[in-house]
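Letter by letter, the chains look like this.
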Amino acid sequence: MAVEELQSIIKRCQILGEQDFKEEDFGLFQLASQRCIEEGHIDQLLEIIQNEKNKVIIKSMGWNLVGPVVRCLLRNDKEDDERKVYLLMLDLLVQLCNPKELLLGLLELIEEPSGKQISQIILLLLQPLQTVIQKLHNKAYSVGLALSTLWSQLSLLPVPYSKEQIQTDDYGLCQCCKALIEFIKPFVEEVIDDKENSLEDENEKLKDELLKFCFKSLKCPLLMAQFLERFEEAGNDPLRCFASAIIGFLSAIGHPFSKMIFSHGRKKRTWDYLEFEEEEDKQLADSMASLAYLVFVQGISIDQLPMVLNPLYLLQFNMGHIEVFLQRTEESVFPKGLDLLENGLLRIEDNSLLYQYLEIKSFLTVPQGLVKIMTLCPIETLRKKSLAMLQLYINKLDSQGKYTLFRCLLNTSNHSGVEAFIIQNIKNQIDISLKRTHNNKWFTGPQLISLLDLVLFLPEGAETDLLQNSDRIMASLNLLRYLVIKDNENDNQTGLWTELGKIENNFLKPLHTGLNMSKAHYEAEIKNSQENSQEVQKTKDLCSITVGGEDLPNMPPEVLHSALFTFDLIESVLARVEELIEIKTKSTSEENIEIK
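Residues numbered from 1 in each chain as written. Predicted model: local features only at pLDDT ≥ 70, side-chain atom pairs only at ≥ 80, totals over all residues. Heavy atoms only, no water.

So, on to the overall build of the protein chain. Helix and strand counts for the protein chain stand at 27 helices and 2 strands. Burial status across the protein chain gives 49% buried among its 596 residues. Contacts spanning at least 24 positions in sequence make up 74% of the contacts within the protein chain whose residues lie at least 6 apart. For the protein chain, the exposed area adds up to about 29,800 Å²; of that, 49% sits on carbon and sulfur atoms. (Helix = DSSP H or I, 4+ residues; strand = E, 2+ residues; numbered from the N terminus. Buried < 20%, exposed > 50% of the residue type's maximum accessible area, 1.4 Å probe, protein only. Contact = heavy atoms within 4.5 Å. Areas by Shrake-Rupley, 256 points an atom, 1.4 Å probe, with all protein chains shown as cover.)

Close contact between helix H21 (residues 399-412) and helix H23 (residues 445-455) brings their axes to 10 Å; oriented N to C, the two are set at 20 degrees. In this view, H21 runs roughly parallel relative to H23, as classed from their interaxial angle. Judged by the sense of rotation from one axis to the other, the crossing of H21 with H23 is left-handed. Mapping the contact onto sequence places Tyr403, Phe406, Arg407, Leu410 and Asn411 in H21 and Gln447, Ser450, Leu451, Leu454 and Val455 in H23. Taken together, the residues of the contact of H21 with H23 break down into 6 nonpolar, 3 polar and 1 charged. (Axes fitted to C-alpha atoms, helices over the stretch in contact; angles between N-to-C directions. Parallel < 35°, antiparallel > 145°, perpendicular 65-115°, else oblique. Left-handed = near helix turned anticlockwise from the far one by under 90°. Nonpolar A, V, L, I, M, F, W, Y, C, P; charged D, E, K, R; others polar.)

So, about the pattern of salt bridges. Enumeration over the complete set of coordinates arrives at 19 salt bridges. Lys361 is paired through a salt bridge with Glu323; the nearest N and O atoms lie 2.7 Å apart. Here Lys361 is found in helix H19 (residues 361-376), whereas its partner Glu323 is found in helix H17 (residues 311-327), with 38 residues between them in sequence. One salt bridge connects Lys519 with Asp568, and the closest N-O pair in it is separated by 3.2 Å. Here Lys519 is found in helix H25 (residues 500-531), whereas its partner Asp568 is found in helix H27 (residues 557-595), with 49 residues between them in sequence. (Salt bridge = Lys/Arg side-chain N within 4 Å of Asp/Glu carboxyl O.)

Further remarks concern the packing of helix H9 (residues 139-154) against helix H12 (residues 201-219). For the pair H9 and H12, the least separation of the axes is 8 Å and the interaxial angle reads 10 degrees. In terms of orientation, H9 lies roughly parallel with respect to H12. The segment H9 lies against H12, with Lys139, Ala140, Tyr141, Val143, Gly144, Leu147, Ser148 and Trp151 engaging Glu202, Lys205, Leu206, Glu209, Leu210, Phe213, Lys216 and Ser217. A class-by-class count of the residues in the contact of H9 with H12 yields 8 nonpolar, 3 polar and 5 charged.

Our next topic: unusual backbone geometry. Pro221 follows Cys220 through a cis peptide bond whose omega is 15 degrees. In this fold, Pro221 is placed in the loop between H12 and helix H13 (231-234). Of note in this structure, Ser301 is not a glycine but carries a positive phi near 60 degrees. In this fold, Ser301 is placed in the loop between helix H16 (278-296) and H17. Notably, Asn492 is not glycine yet its phi reads approximately 50 degrees, a positive angle. By relative accessible area, which is 21% here, Asn492 ends up partly exposed.

A word on the packing of aromatic side chains. In total, this model carries 9 aromatic pairs according to the counting rule given. Pairing Phe183 with Phe187 gives two aromatic rings, centres 5.7 Å apart and planes at 65 degrees, and the pair type is edge-to-face. Here Phe183 pairs with Phe187, and both are found in helix H11 (residues 173-195), just 4 residues apart, close to one helical turn. Exposure class is identical for Phe183 and Phe187. Each is buried. Taken together through their ring pairs, the aromatic side chains of Tyr403, Phe406, Trp442 and Phe443 make up a single cluster. Over the ring of Tyr171 we find Lys116; its NZ or CZ atom is 5.6 Å from the centre of that ring. Residue placement shows Lys427 over the ring face of Tyr482; its charged tip is 5.0 Å from the ring centre. (Phe/Tyr/Trp six-rings, centres within 6.5 Å; stacked < 30°, edge-to-face > 60°. Lys NZ or Arg CZ within 6 Å of the ring centre and 35° of its normal.)

Right, let's get into the nonpolar core. Residues Leu129, Phe183, Leu210, Phe296, Leu477 and Leu511 are the most contacted members of the largest nonpolar core, which totals 180 residues. Excluding residues within four positions of it along the chain, Leu210 makes contact with Val143, Leu147, Ile184, Phe187, Val188, Val191 and Ile253. (Core = buried A, V, L, I, M, F, W, Y, C linked by side-chain atoms within 4.5 Å.)

Structure representation (structure tokens):
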């Protein structure tokens, strides 16, 4: 019935000119064709499409068939023979139909699906889409529209982050990336071929659309993409191959590669004429950070850069990109920032990074980003790598740079463990300075005293939470003990002995008071828990304490005992420091009496 109805419509339209087709004819043709598909008359429908007499009708009306045919192809219940018929039908429609109508129809189909069907429809329609665009005169606009639609859909797919996920490719992203390379190639070649001639306006626009897509692809999926590490596997890594192709396209149709990569961040960039939309321009920093990682860490197209570049220049160039990586919230991106930082730091000598570099914003925000990962990231390997990178960064700074960074991190980290790490580094620098023939002014005398003011004090005096600040306090006491041992009062190279009274008032005495208060509270609570063992049992061995008028969370008895052990340890080191001070001052007094 559906076939007869369609043939009747076809017969009536055959005697009309294309300009005489009515809107009603389009609707009837579409409905009858869809019924043929639903009733399984696909062979008869194929014959109608292939019939030369129906060429004008199919050209005008056939694009309405693309949607139903594509949806049938996406169903997994089609037998091979039936699928071949649908594929042939799609190919014929692409060849015969109005390309403008087809372009919009195909892009609408690509925009429809979600989840795993996104990759299925993209893989099915990329070749037909390429064929349709090749027929159009306004190619730049068509390519731009197609690439924008494709990228929007691909950006919805999850990026695989493990070798297993890359190999299984459940959502088809890797397959789509591979297919996209082949989709873009003829348009890139067209731009390259016209480079030799005077570039026409249309080809300039085509080049711009391709460049936009390349930059957007560097952001998604390549910013999030993880790459196979082993060298022999790199060639089989679809995301790495996609990255190589995108960078190759950029290099082939853009400006010279070195000029393009090093112009980011300047007031006038080589691609400013591309007129990115506001949101796209905001994302460009992510794209350029991704490009820097691919070039300098993965080594893609690095042979196109000059080999004489100063390592300090490269580090300065990449610090902005490292900042971009470390400021993101996705943990999968952090390793790229860490690897890019390591790549830059390993190129330069220790103590060669001048303090003036810290006047550049990223040279301070990057170590602060490392601290954020060290303290907040749940992945242990990343926390350890960040700690190692912070130490490496400190090693590369000159003395004034180290001094400046230490002050900055002591004021901003707000983390006892990080502050203890910085204090240990301060101790190391003092030790190096005291062993030199000519003292380093930044870690001796007045400059050091200014730094010690940030170290040898309790933030809230005697009411400071000693347990929470125990790492910092222990590091401070160990530093003070070292200074007392290494610096004699008569020499006073560090300035410690001049400031001893202030240190005792701001640090040692409040620490004594705080220890006594804290120990008394914890000991009282342990005693209460022991006396009320039955009640404690009912409350599952939990108890609470009050310090400074505020209730602390309920804690098991073992936590209370651990806290007391920490206080005993602090008290032991404090006692040793005070003993050393007394010995040193007494010895100096006796020496002065003997001299008189």
